[in-house]
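Structural features, examined
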Amino acid sequence: MAGHAPAPHKPRRKVKGAGGPSNLSHSTSVESSGRAPSFPLAAFFWPARGSASQWEILPIILMVAGLFRWAASLWGYSGFEKPPMFGDYEAQRHWMEITAHLPITQWYFHDLQWWGLDYPPLTAYHSWICGKIGSLIDPSWFALYKSRGIHDPTLKIFMRGTVIVSEYLIYIPAVVIFVRRFSRLSGVTSWSASISLAAILMQPATILIDHVHFQYNTVMLGFVVASMSSMLAGRYLWSAVFFVAALGFKQMALYYAFPVFAFLLGSCFSPRINVLRFIRIALVTVIAFAILVLPFVLSAYNEWRQGIRSKPAPLPLFQGLAGHLDPNAFYYPIVEQLVQMVHRVFPFARGLFEDKVANFWCALNVVVKIKHLPAELLQRLALVATLASIIPPNLILLLKPRRELLPLAFVTTAWGFFLFSYQVHEKSVLLPLAPMTLLLAGSQGLSKEIRAWVGFANILGCWTMFPLLQRVDLRVPYAVLTLLWTYLLGLPPTSLSLYSLDGQASFKKIVTALIHGFFYLAMAMWHILELNLKPPSDKPDLWVVANVGVGAAGFALCYVWCFTRLVLQSDILPKALFGKKTKTKTN
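Now for a description of the structure that goes with this document. This structure is a prediction, so every number in the text was calculated from the model and none was measured.

The helix and strand tally for the protein stands at 23 helices and zero strands. Looking at the protein as a whole, 54% of its 587 residues are labelled buried. Within the protein, residue pairs in contact and separated by at least 24 positions form 76% of the contacts whose partners lie at least 6 positions apart.

The next point concerns the side chain of N458. Examined against the element boundaries, N458 turns out to sit in helix 19 (residues 448–464). Of the polar contacts made by the side chain of N458, one reaches the side chain of T437; its length is 3.1 Å. Beyond its immediate stretch of four places on either side in the chain, N458 contacts Q203, L433, T437 and W485.

This part covers helix 21 (residues 475–488). Its 14 residues place the ends of helix 21 20 Å apart at the C-alpha level, agreeing with the 20 Å of an ideal helix rising 1.5 Å per residue. Restricting attention to buried positions, one finds in helix 21 the residues P477, Y478, L481, T482, W485, T486 and L488. Burial along helix 21 is one-sided: seen end-on, the buried residues are contained in an arc of 165 degrees. Where helix 21 terminates, the next one or two residues include G490, which has phi positive at roughly 65 degrees.

Attention now goes to the packing of helix 22 (residues 507–532) against helix 23 (residues 542–570). Between helix 22 and helix 23, whose axes approach to 11 Å, the crossing angle comes to 165 degrees. Taken together, the axes of helix 22 and helix 23 are roughly antiparallel relative to one another. Handedness of the crossing formed by helix 22 with helix 23: left-handed. Along the contact surface, helix 22 presents I515, F519, A522, W526, L529 and E530, while helix 23 presents W543, A546, N547, V550, A553, G554 and L557. When its residues are assigned to classes, the contact of helix 22 with helix 23 shows ten nonpolar, two polar and one charged.

Examined against the element boundaries, A434 turns out to sit in helix 18 (residues 430–438). Along the backbone, A434 and N458 are 24 residues apart, and their C-alpha atoms lie at a distance of 9.2 Å. Among residues more than four places away in sequence, those in contact with A434 are Q203, L221 and Y256.

Among the structural elements, H151 can be located in the loop between helix 5 (121–137) and helix 6 (153–185). Through-space distance from the C-alpha of H151 to that of F86 is 9.7 Å; in sequence the pair is 65 residues apart. A distance of 2.6 Å separates polar atoms of two side chains, one belonging to H151 and the other to Y77. In terms of polar contacts, H151 uses its side chain to reach the backbone amide nitrogen of E81, at 3.0 Å.

Tallied over the entire structure, the rule returns 13 salt bridges. The shortest N-O distance in the salt bridge between R148 and D111 comes to 2.6 Å. One end of the pair, R148, is in the loop between helix 5 and helix 6; the other, D111, is in the loop between helix 4 (87–101) and helix 5, and 37 residues separate them in sequence. The closest approach of N and O atoms between K539 and D538, which form a salt bridge, is 3.5 Å. Judged by its relative accessible area of 45%, K539 falls in the partly exposed class. In this structure D538 comes out as exposed when scored by relative accessible area, which is 57%. Residues joined by salt bridges that share partners form a network here, namely E90, R93 and E97.

The geometry of two aromatic rings is summed up by the distance between their centres and the angle between their planes. On inspection of all chains with the given rule, the structure shows 37 aromatic pairs. Note on Y255 and F417: the rings are 5.2 Å apart at their centroids and 20 degrees apart in plane angle, and the pair reads as stacked. Taken together, the positions of Y255 in the loop between helix 10 (236–249) and helix 11 (257–267) and F417 in helix 17 (residues 406–420) put the pair 162 residues apart, joining distant regions of the chain. Pairing F330 with Y331 gives two aromatic rings, centres 5.8 Å apart and planes at 80 degrees, and the pair type is edge-to-face.

What counts, and where the lines are drawn
Residues numbered from 1 in each chain as written. Predicted model: local features only at pLDDT ≥ 70, side-chain atom pairs only at ≥ 80, totals over all residues. Heavy atoms only, no water. Helix = DSSP H or I, 4+ residues; strand = E, 2+ residues; numbered from the N terminus. Buried < 20%, exposed > 50% of the residue type's maximum accessible area, 1.4 Å probe, protein only. Contact = heavy atoms within 4.5 Å. Polar contact = N/O pair within 3.5 Å; in protein donor to acceptor, adjacent residues only side chain to side chain. Expected span 1.5 Å × (residues − 1). Arc of directions from axis to C-beta. Axes fitted to C-alpha atoms, helices over the stretch in contact; angles between N-to-C directions. Parallel < 35°, antiparallel > 145°, perpendicular 65-115°, else oblique. Left-handed = near helix turned anticlockwise from the far one by under 90°. Nonpolar A, V, L, I, M, F, W, Y, C, P; charged D, E, K, R; others polar. Salt bridge = Lys/Arg side-chain N within 4 Å of Asp/Glu carboxyl O. Phe/Tyr/Trp six-rings, centres within 6.5 Å; stacked < 30°, edge-to-face > 60°.

Structural data, given as structure tokens:
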């Protein structure tokens, strides 16, 4: 099909012979005979291949996605009956407790030793809503001080329900709209788009972390996807608002800040200079941030007017500033609130990395003990390495602000942040995996090459989170959800069809098959050894360290693949270097 998006005002035309090879060979990897699809998920949608619109089967996709999420949530969660801190589940529940009972000015100050609030304001408002609703159902769930470590089965249902409802309000609508817009932009049939949508919503990593381990990452990811979708539609002001909302929910959204900035700035200067657009985007961004913190500012000012004085924040960050401020001035409690919020949201004191994470620094620390170096030096090293990895893809997006490049620019930048930035957690791998999985909805998104790399990244990402999941007894949902997704997309270890070397096998296909095969074999062997062989007493973290090394190497390859594809699709290099047009449609 042609690679041009239909005009927004035109109804989507029915594609004749949507199941035929001529229309689908570029995007669904259908067998050359056209008689059968080449992987199970496509087979499930085969009867609907003549459909004119993805909306006809959307309800089925949403119901199936919801069913698997609820089934996964029947398992345990982070910290279940594991004192003294009880894990992420207790952290989220505790934030609902304090936001529902304490004045807003105390949210970022209250008992910081017991899961003190350390996420941006929108998470706090979300916790407040959930806490208020939960308290109406059963006040004991969020009773101040008395509910710590509670494991009420009915509360578990409520907490799981808040994740699913939040996801269906934010993340899933954003993904549905993005897939619709991106597939139309890429000239992909509605049948292929439906397959891609199902694959994206069944992504195992997000289900494992949010619906099993327990968190609300998909709310932040939903705002990011909504921002990308608005860029596709040319709605740049809404894009800025949605991204501010993502930052306001989780500071990890900073992984995407550079491509958002690069694309929006590039759109103000290409194809022509549009100063008014630049000013409007800047104003909307500032206003959106101001609205986020306005309740804290107004509450702090109101307490000052009532004569309520709080103790100065016991933080070096504030102590260095407090000497230049008048403690009796109206602005003092406002500044105190904002400084405390920044300090809690960006905890540089935690160190270069936490636990064992499959990124460059943790892998390097196995060979050279860099974690013992001065914190200031480590911060500078992380900053330089991160900038070196993210500036090239964002420079491309700035110079070539083309909508079809957005997912590749987002994922390349996110891989750079994950591999090299400061204070990375295992769960942070969700951030590069999200836009990388969205590539399935683009041109040739379901071809063998893209499915192979997207599948490889997701499987490797789940595998690197296994030590985290294993600590809270989540082996079974990890195995079931990961293997289910690999089966649906025809990926190893359930199928090797992606790497079959047919008569058209190229050097690139052979190298990809060998590289992926090595990593899949390493992951399988690691599971066998970890399950049956205890590590030596002098190396108790042997298997975790091996996981880190293999994972970091695999993620680095994902970065290289994404960046290379971004360079080729952007046409930023002279075509003479390649001998022909670089905007290829490689299978």
